[in-house]
Amino acid sequence: MKAHFQRFTIDLTKDQALSASHPGPCDADVKALLRIPRVRRQLERLETADIRAELKEYGAWTDEELRDIADNFQRLVWLAACDIAERLPREARK
C-alpha cells in the first residue's frame, strides 16, 4: 500500500502500517520497520532536500531538527504508516 507525499511515495504492507500507527509510543515499531531492507531502500533513494521539504510542510519540526536524516527517516515511516492505516476501513485495522 502506498503513502503519497507531495514529492514521493512510500510503500508499506498493511501489517507494516498497522504495526507503527497505534495509540501510544510507536518509536520502537518504526525503528523495526527501518530494519526491513525493502523499507530502508525506499528511504535511501530519496533526496535529502526532498525529505526535509516534505517534513517542513507539516510545521512540526524546526530546521535544526530536520538536519538529522535518521530522525527524518523515522518521521517519514511513521507518517506513511499513519496515512495508510487511516485509509483502511475500520474492520481492516485489526
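Fair warning: this is a prediction, and the values are worked out from it, not measured in the lab. (Residues numbered from 1 in each chain as written. Predicted model: local features only at pLDDT ≥ 70, side-chain atom pairs only at ≥ 80, totals over all residues. Heavy atoms only, no water.)

Caption draft 1: Up close: the environment of A81. Mapped onto the elements, A81 comes out in helix 5 (residues 69-87). We classify A81 as buried; its relative accessible area is 0%. Residues A81 and H22 lie 59 residues apart in sequence; the distance between their C-alpha atoms is 9.4 Å. With residues near it in sequence (within four places) discarded, A81 still touches L12, A17, A20 and S21. (Helix = DSSP H or I, 4+ residues; strand = E, 2+ residues; numbered from the N terminus. Buried < 20%, exposed > 50% of the residue type's maximum accessible area, 1.4 Å probe, protein only. Contact = heavy atoms within 4.5 Å.)

Caption draft 2: Broad picture of the nonpolar core. Ranked by internal contacts, the top residues of the largest apolar core, which has 25 residues, are F5, I10, L12, L43, L55, L76 and V77. When contributions to this core are tallied by element, the ones reaching two or more residues are helix 2 (27-34), helix 3 (37-44), helix 4 (48-56) and helix 5. (Core = buried A, V, L, I, M, F, W, Y, C linked by side-chain atoms within 4.5 Å.)

Caption draft 3: Inspection of the pattern of salt bridges at higher detail. Counted under the stated rule, the structure contains 7 salt bridges. Residue D11 pairs with R38 through a salt bridge whose shortest N-O separation is 2.7 Å. A residue pair is termed long-range when its members are at least 10 positions apart, and D11 in strand 2 (residues 9-11) and R38 in helix 3 qualify at 27 residues. The exposure class assigned to R38 is partly exposed, which follows from its relative accessible area of 33%. Here the salt bridges share partners, and the residues they tie into one network are R7, E54 and E57. (Salt bridge = Lys/Arg side-chain N within 4 Å of Asp/Glu carboxyl O.)

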